[in-house]
Amino acid sequence: MLESCKKFTSPLLLYEADHGRPCHALHQQDVFRVFANKHSQNACHDLMLCKYGIYEKLVFQLGTQLFQSVLVSSNRCDSSAPNLITGVQLLVGTDLASDFHRSHGSRQARKTDRGINMSVIQQLLQDVPLPRMVRVKQTFPRPVVGNIDEAIVQSFMQENGKIPWPTGGEVAVVVGSRGIADINQITRAVVRQLKQYGLKPFIVPGMGSHGGATAEGQKEVLESLGVTEESIEAPIRSSMEVVQIGTLENGLPVYMDKFAHQAAGIVVVNRIKPHTAFRGTYESGIVKMIAIGLGKQKGAEACHKLGFGHMAKHIVEAAEVAIATNKILCGVAVLENAYDHVAQIEVLPASEIIAREPALLEQAKSSMPRILVDEIDVLVVDEIGKDISGDGMDPNITGRYATPFATGGPNIKRITVRRLTERTHGNANGLGVADTTTKRVFDAIDFSKTYPNALTSTVIEPVKLPMVLDNDKLAIQAAIKTSNVLHDEDIRLVHIQSTLSLEEIRVSESLLPLLLGRDDVEVLSSPETWPFDENGELDTHELWSE
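These notes cover the structure that comes with them.

What counts, and at which threshold
Within each chain, residues carry numbers counting from 1 in the order of the written sequence. Residue-level local features of this predicted model are given only where pLDDT is at least 70; pairs of side-chain atoms are given and counted only at 80 or more, and the full residue set underlies all totals for whole chains, interfaces and linings. Processing note: side-chain calculations cover all non-hydrogen atoms of the structure and skip hydrogens and water entirely. Here a helix means four or more residues in a row that DSSP labels H or I, a strand means two or more in a row labelled E, and each is numbered from the N terminus. Classification of residues uses two cut-offs on accessible area relative to the type maximum, computed with a 1.4 Å probe and protein chains only: under 20% is buried, over 50% is exposed, and between them is partly exposed. What makes two residues a contact is simply this: any of their non-hydrogen atoms within 4.5 Å. In short, Shrake-Rupley with a 1.4 Å probe defines the accessible areas, and a residue's cover is counted only from the protein chains shown. Note on pairing: DSSP must find at least two bridges between two strands before they are called paired. Angles here are taken between N-to-C directions and fall from 0 to 180 degrees, while the axes themselves are lines fitted to C-alpha atoms, restricted in helices to the stretch in contact. Orienting the strands away from the viewer, one traces the path from the first strand over the helix to the second; a clockwise path indicates a right-handed crossover. Residues enter a patch when their relative accessible area is above 30% and they make no salt bridge; the linking distance is 9 Å between like charges and 5 Å between nonpolar side chains (Val, Leu, Ile, Met, Phe, Trp, Tyr). Within this document, salt bridges are pairs made up of a side-chain nitrogen of Lys or Arg and a carboxyl oxygen of Asp or Glu, the two lying within 4 Å of each other. Counted as positive: Lys and Arg. Counted as negative: Asp and Glu, with His and the chain ends omitted from the count. Working definition for charges: the position is that of NZ of Lys, CZ of Arg, CG of Asp or CD of Glu. By convention a nonpolar core is built from buried Ala, Val, Leu, Ile, Met, Phe, Trp, Tyr and Cys residues, the set being connected through side-chain atoms within 4.5 Å. Any Phe, Tyr or Trp ring, taking Trp's six-membered ring, that has another such ring centre within 6.5 Å forms a pair; planes under 30 degrees apart are called stacked, those over 60 apart edge-to-face, and the others tilted. Charge-over-ring contacts are defined here by two conditions on Lys NZ or Arg CZ: a distance within 6 Å of the ring centre and an angle within 35 degrees of the ring normal.

### Some words on the overall build of the protein chain
Across its full length, the protein chain carries 17 helices and 22 strands. Counting every position in the protein chain, which comprises 546 residues, the buried fraction comes to 54%. For the protein chain, contacts bridging at least 24 residues in sequence account for 68% of all contacts bridging at least 6. Accessible surface for the protein chain amounts to roughly 23700 Å². Of this, 49% is attributable to carbon and sulfur atoms.

Shown next as structure tokens:
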């Protein structure tokens, strides 16, 4: 039977067992060595050393149909090694993959999946009880800008005399990668105002190394946030090319986007809020956008060169160099309330950015939402992503920081992450500070978009991998089991949609005594069990109120 297999030259396709989609095509040039190992009269086994690893090849016959499957193995060259991927390709005739799985593959799938003996894990976790949960509503102060267009016009009019407007020409409007509330509407209002002054605005992505550190990727990030050429009525010019505009005293270079540098002026739009990795007079805001976002990957790399311990100093010095070029006209500072709505908009003339931003940062800190419990055993987070926070989930909410230069937030023993957002485009930055996650999250990771930010920032903790479990239920149970709580009924578990959505959360019954009687908490439901489907996935369609 082995000889008959050699006649077939089509590539061997490797399939993921759980999704049924091809993940590799194994061609003849990929096979370095074949080890013959006949085990029975009915089937013939080989071990193949390939560029993807070591594979066990099973060739077998069902009637007149010749099949072969591939099981990706560990670095052990024996058939008892754990298998990582199982696949099947029909070599002659019609695809009978379902027959294969019924006759042989299902037994292998039960035995192993992606190198994890799930039956053992299920045995270890099946008796871990999940607490009943209660939906509660948290209430925070809610200042809000009623009309964004009017707020932009009024703020520009108020500061108009302090801004050195050019007499015509193009102006770059710098927009970042964060999921700022109504960022498309804010950007369009800024563009329209600049046109009123007789200027020709265009959009420049100001996001350092985000978007995979590519021009196309950064434009895609803007478009995913609703900032498209059609919606904001201006062209988008995305490039990773920069111009060096100066040098800090310690020798670090300062860069500026090429298109922005060529323009007659620059307007920077950004949200002011606490940073996720360092503390300082200036954190996330206009100053940081000028120093890092506008400097593209090279500017971000320079500011991160000596780590976050020096970040608070470097971003101010780099921003001062950029402002001194007289290219920066003003900043449009956006503050959000605890509900992710625009609470305040201020235009800061270039000459006043350094002086006025610190007070806005203090306002932003006071407006942050939080989980109204300080000690938590397990936090379950439905979604993380770059559109939620630069760190996927905001460490200011979770208390899990990737560096020692930022502090604050609750004390949480274990964090489970269930999904990546669609808008994060596979960027799993921040997953590394979680403790357990699911195979669905792992399969959604695009490492080419996840790693550039870590390599640029020099902080790799956020892109490490937590424990990967087969489904939501097992991931949550693993977090509970490892949280070291003596009595099951005492587990303090909190379930949130994301760190941007904290108005309605779910808490375990054990936390009710801490929340009842508070003016800022309302109980919305009686205790509920977890709505898992037959595959152990959490059904959240009707879990959260609209």
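There is more to say after this.
### Structural notes on the sheet that holds strand β18 (residues 436–438)
Here eight strands make up an open sheet; going across it, the order is β19-β18-β17-β16-β20-β21-β8-β22 and the pairing mixed. Taken across any chain shown, the strands that pair with only one partner, and hence form the sheet edges, are β19 (467–469) and β22 (521–523). Each neighbouring strand pair of the sheet contributes to a mean axis angle of 25°, computed without reference to strand direction. With eight bridges connecting them, strand β16 (residues 375–384) and strand β17 (residues 411–420) associate as parallel partners.

### A word on the pairing of strand β9 (residues 170–175)
In terms of burial, β9 is a largely internal element, five of the six residues being buried. In terms of strand pairing, β9 meets strand β10 (residues 200–205) through six bridges, oriented parallel. Paired with Val171 across the strands is Pro201, a residue of β10. Taken together, β9, helix α5 (residues 183–196) and β10 constitute a β-α-β crossover, and its handedness is right-handed.

### Observations regarding a negative patch on the surface
Judged by side-chain charge, Glu216, Glu220, Glu223, Glu229 and Glu230 come together as a negatively charged surface patch. Breaking the negative patch down by element, the ones donating at least two residues are α6 (215–224) and α7 (229–232). Broken down by element, the residue count for the negative patch peaks at three residues, all from α6. Its location among the elements puts Glu216 in helix α6. The exposed category is assigned to Glu216, whose relative accessible area is 56%.

### Some words on the pairing of strand β15 (residues 342–349)
Among the eight residues of β15, six are classified as buried, and the element is accordingly described as predominantly covered. In this structure, strand β14 (residues 328–336) lies alongside β15, joined through seven bridges in antiparallel fashion. Each bridged residue has a counterpart across the sheet, and for Val334 the counterpart in β15 is Ile345. A loop of five residues connects β14 with β15, the two strands running antiparallel in sequence, and Asp340 in this loop sits at a positive phi of about 65°.

### Brief notes about the sheet that holds strand β13 (residues 265–271)
The five strands are arranged β10-β9-β13-β14-β15 in an open sheet whose pairing can be described as mixed. At either end of the open sheet lies a strand with only one pairing partner, and these are β10 and β15. On average, each strand axis in the sheet is tilted by 20° relative to the strand beside it, whichever way the strands run. Sitting on the sheet, helix α9 (residues 286–293) is in contact with β9, β10, β13 and β14, with an inclination near 120° to β13.

### Some details on the nonpolar core
With 44 residues, the main nonpolar core has Ile266, Ile290, Ile315 and Ile328 as its most contacted residues. At seven residues, helix α11 (residues 311–324) tops the list of elements feeding residues into this core. Discounting chain neighbours no more than four positions away, the residues touching Ile266 are Val171, Ala172, Val174, Met256, Ala260, Leu294, Lys327, Ile328, Leu329 and Cys330. Among the nonpolar cores identified, the runner-up in size contains 37 residues, and Ile186, Val191, Val221 and Ile345 belong to it.

### Brief notes about the side chain of Thr416
Relative to the helices and strands, Thr416 is located in strand β17. If we ignore the near neighbours within four places in the chain, the residues touching Thr416 are Leu379, Val380, Val381, Thr436, Ala475, Ile476 and Ala479.

### Remarks on the packing of aromatic side chains
If you walk through the whole model with that rule in mind, you get six aromatic pairs. Within the aromatic cluster, the residues linked to one another by ring pairs are Phe156, Trp165 and Tyr197. The residue whose ring lies beneath Arg142 is Tyr339, and the NZ or CZ to ring-centre distance is 3.6 Å.

### Observations concerning helix α15 (residues 447–457)
Residues of α15 that are buried: Thr450, Pro452, Asn453, Ala454, Thr456 and Ser457. Packed against the buried residues of α15 are α10 (296–304). Positioned one or two residues after α15, Thr458 has a phi angle of 70°, which is positive.

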